[in-house]
Amino acid sequence: MIQCSDDVFENVMDLARRRGFIWPTSECYGAVAGFIDYGPLGAMMKRRVENIWRDFYIVREGYYEIECPTIAQEAVFIASGHVKGFSDKMCQCPHCREYLRADHVAEAGNITNASVMKNEDLAAAITSCRCPACDTILGNVEVFNFNLMFSTTIGPGSQRTGYLRPETAQGMFVDFSRLLRFYRDKLPFGAVQIGKSYRNEISPRQGMIRLREFTQAEAEIFVHPNEKNHHPSFQRYTDYRMPLLTFTRQLKCEDPVEMSMREAVDKGIIANEYVAYYVALTHERLRFRQHLPDERAHYATDCWDAEVFSPRFGWVETVGIADRTDYDLNAHAAQSGTPMTVFIQYDEPKKTSRRRIIPNMSVLGKQYRTKAKAVFAALEAALPTPEGADIEIGDEKIHIPAHLFEVRDEVIDIRGEYIVPHVIEPSYGIDRMCYAVLEQAFDEDIADGEKRTVMRLSPKVAPVQVAVFPLMARDGLDTIADDITRTFHKKSILAEYDDNGAIGRRYRRQDEIGTPFAITVDYTTKENNTVTLRDRDSMEQVRIPIPELTETVGALVEGRITFTSLHRDKTV
Ligand code: GAP
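Note that the coordinates shown come from a computational prediction; the quantities given were computed from them, not determined experimentally.

1. Some words on the overall build of the protein chain
(1) Moving on: Assigned secondary structure in the protein chain consists of 19 helices and 28 strands.
(2) Moving on: Computed over the C-alpha atoms, the radius of gyration of the protein chain is 31 Å, more than 25% above the 25 Å expected from 2.2 N^0.38 for a compact globule of 572 residues.
(3) Moving on: Each principal axis of the C-alpha atoms in the protein chain carries an extent, and together these give about 110 × 65 × 55 Å.
(4) Moving on: When burial is assessed residue by residue, the protein chain has 48% of its 572 residues classed as buried.
(5) Moving on: Across the protein chain, every contact between residues at least 6 apart in sequence was considered, and the portion connecting residues at least 24 apart equals 65%.
(6) Moving on: As presented, the protein chain carries roughly 28700 Å² of accessible surface, and 50% of it is formed by carbon and sulfur atoms.
(7) Moving on: Of note, the protein chain has its 70 positive side-chain charges centred 3 Å away from the centre of its 84 negative side-chain charges.

Following this line, the structure appears as structure tokens:
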């Protein structure tokens, strides 16, 4: 493999723009930072990435997908803590007037722990740092908190404030009671959502990495707080070993430590089996870094980021896996007045003794009339003495003599208890994954003595799955190629017909957009009904009978067979 000499980011973004993966949004009006358009190939690739995620979380893990609005009323985000606390530290360059992330300016100036400093301390720390926009030393600046939510009003007038959601998660929390019923009142259960989230990022200058509108794929898994160490499928990953950059190792500037998931949970390095299970499930070509205690979101007791290495951006957080405890459900229960609990029935009822106070209703009812209900309720909760019970109704103190109630000690069966579930949340950023896919796929090598640009996309995410070329657009070769293309479409395989230009140029065009396989219909086809099938990466070709094409290409795309496993005697 020949490494590209210049900046991979520039090369990838140039190709992405040219070939219809990613475009600046509303370009004719001057693009706005933090927003992108997915072009025809990008949108298709993104859909395929999302569907792989769906396959993991819906089909294999068994959590159904829901879809909530992207705008919600203010109460939702007051409860979630976003109205009060979802902000970044901002300052304005006094020279070029650009708004800047103060903690990022500090980090670029090698100042550590910037995100947890007080605003005044951060302002003092960055006076000698350079503005990333105009490269001038900042000098004195004010640092203040900037809330990242986009606000709006719901309906005409301005009475009802709404916000564009900054995470898809809250929709799943506020639907808790309905989800609980859907899953027949049994824990654990989960819901997933793929959709747009919005954050008014202060200075998004990192392409697809930091956007103001982006797609998240999140799972919220509701579990009994005492069951977090009993994931039903944990045995799958008990011995799975992977490097972990724990917060203690980060503080000591040490490298990640490798250990099994069992060891990580038993040593208390990962909070519980649920978090460890989703860390292992997500792990591949990634590293996992634990959040430092003062870096964690207000709701999390443990959080691990899956980070992908990018030559341009360093380690980029792409997935966050957090134990959100009962924070969100408690907050929404308090804000909305709707209980968000689950009744957990015990295997065997538990016996418990209790003291009941039974009022003499006929006497007390007549005596207290309109207040009688309050008197009964207060009496039931009172601590009686042999002389009677003292209760309070509003400001009034009342003594109820002992002969007006009976005290009964009884043993009762308790069938179960109400608990507030904890939530384990794997949260994936689809756009960052798409960028990582593009960046890791980008390559250059030599083909036929010329430089070739090739996107080595996995066939599972490549937008076009197979290209079909007639060697010449005549002599019936074009008709055969057209028929083959239609046959692929009937099998839901995205095939692109191309008869334009020299065959070598057509291969190059498809290599550049990552099409993994290409078929050429030539004059031999007319003799024996076979075509050539070419592999993008090795550029090897085999001859395949036309009736076997859809099955062979389908199996290659789904990864059921490899190109090298195709019969060598078919090699052209
Ligand atoms: N519900 C939890 C949550 O939203 P987060 O770490 O703020 O946690 C989860 O976001 C993922 O969403 C991140 O790992 C990242 O991939 C993606 N993400 C967050 N902010 C983003 C942005 N401004 N642009 C693109 N992706 C973003």
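2. A few points about the sheet that holds strand β14 (residues 287–290)
Two strands in a sheet stick together by hydrogen bonds in their backbones, pointing the same way (parallel) or opposite ways (antiparallel).
(1) Moving on: Here we have nine strands laid out as an open sheet, ordered β3-β10-β11-β21-β16-β15-β14-β12-β13, and mixed in their pairing. The open sheet terminates on both sides in strands that have one partner only, identified here as β3 (64–65) and β13 (257–260).
(2) Moving on: Here strand β12 (residues 241–245) pairs with β14 via two bridges, running parallel. From the neighbouring strand, Leu245 faces β14, where its bridge partner is Arg289.

3. Observations concerning the pairing of strand β9 (residues 161–164)
(1) Moving on: Pairing geometry for strand β4 (residues 71–73) and β9, over three bridges, is antiparallel. In the strand pairing of β9, Ala72 is matched with Tyr163.
(2) Moving on: Two strands pair when backbone bridges link them, and strand β8 (residues 151–153) and β9 are joined in this way by three bridges, in the antiparallel orientation. The residue bridging Ser151 from the neighbouring strand is Tyr163, located in β9.

4. Focus: the packing of aromatic side chains
For any two aromatic rings, the description comes down to two numbers: the centre-to-centre distance and the angle of the planes.
(1) Moving on: Within this structure, the stated rule accounts for 21 aromatic pairs.
(2) Moving on: With a centroid separation of 6.3 Å and 90° between ring planes, the pair formed by Phe173 and Phe222 is classed as edge-to-face. One end of the pair, Phe173, is in helix α7 (residues 169–174); the other, Phe222, is in strand β11 (residues 213–223), with 49 residues separating them in the sequence. The pair formed by Phe173 and Phe222 is uniform in burial state, with each residue classed as buried.

5. Here's the deal with the nonpolar core
(1) Moving on: Phe21, Trp53, Tyr57, Leu244, Met261 and Tyr278 are the most contacted members of the largest nonpolar core, which has 64 residues in total.
(2) Moving on: With eight residues, the top contributor of residues to this core is helix α11 (residues 273–282).
(3) Moving on: Discounting chain neighbours no more than four positions away, the residues touching Leu244 are Arg249, Pro256, Val257, Met259, Met261, Ala264, Ile270, Val279, Phe288 and Trp304.

6. What to know about unusual backbone geometry
(1) Moving on: Across the junction of Leu187 and Pro188, the peptide omega takes the value -10°, indicating a cis bond.
(2) Moving on: By the secondary structure assignment, Pro188 is in the loop between α8 (176–182) and β10 (189–198).
(3) Moving on: Positive phi, normally seen in glycine, also occurs at Ser26, with a value near 35°.
(4) Moving on: In this structure Ser26 comes out as partly exposed when scored by relative accessible area, which is 35%.
(5) Moving on: Positive phi outside glycine occurs at Cys253, with the angle close to 55°.

7. Focus: the packing of helix α1 (residues 8–18) against helix α15 (residues 430–441)
(1) Moving on: Taken N-terminus to C-terminus, the directions of α1 and α15 make an angle of 105°; their axes are 10 Å apart at the nearest point. With respect to α15, the element α1 is oriented roughly perpendicular. Seen from α1, the contacting residues are Val8, Phe9, Val12 and Met13; seen from α15, they are Tyr435, Leu438 and Glu439.
(2) Moving on: For the contact of α1 with α15, the per-class residue count stands at six nonpolar, no polar and one charged.

8. Focus on the pattern of salt bridges
(1) Moving on: On inspection of all chains with the given rule, the structure shows 53 salt bridges.
(2) Moving on: In this structure, Glu65 and Arg54 form a salt bridge, with 2.8 Å as the shortest nitrogen-oxygen distance. Of this pair, Glu65 sits in strand β3 while Arg54 sits in helix α2 (residues 40–60), placing them 11 residues apart in sequence.
(3) Moving on: Here the salt bridges share partners, and the residues they tie into one network are Asp443, Asp445, Asp448, Arg452, Arg456, Arg508, Asp511, Arg534, Arg536 and Asp537.

Calculation notes
- Residues numbered from 1 in each chain as written.
- Predicted model: local features only at pLDDT ≥ 70, side-chain atom pairs only at ≥ 80, totals over all residues.
- Heavy atoms only, no water.
- Helix = DSSP H or I, 4+ residues; strand = E, 2+ residues; numbered from the N terminus.
- Rg over C-alpha atoms; globule rule 2.2 N^0.38 Å.
- Buried < 20%, exposed > 50% of the residue type's maximum accessible area, 1.4 Å probe, protein only.
- Contact = heavy atoms within 4.5 Å.
- Areas by Shrake-Rupley, 256 points an atom, 1.4 Å probe, with all protein chains shown as cover.
- Lys, Arg positive; Asp, Glu negative; His and termini not counted.
- Charge placed at Lys NZ, Arg CZ, Asp CG, Glu CD.
- Pairing = 2+ DSSP bridges.
- Phe/Tyr/Trp six-rings, centres within 6.5 Å; stacked < 30°, edge-to-face > 60°.
- Core = buried A, V, L, I, M, F, W, Y, C linked by side-chain atoms within 4.5 Å.
- Axes fitted to C-alpha atoms, helices over the stretch in contact; angles between N-to-C directions.
- Parallel < 35°, antiparallel > 145°, perpendicular 65-115°, else oblique.
- Nonpolar A, V, L, I, M, F, W, Y, C, P; charged D, E, K, R; others polar.
- Salt bridge = Lys/Arg side-chain N within 4 Å of Asp/Glu carboxyl O.

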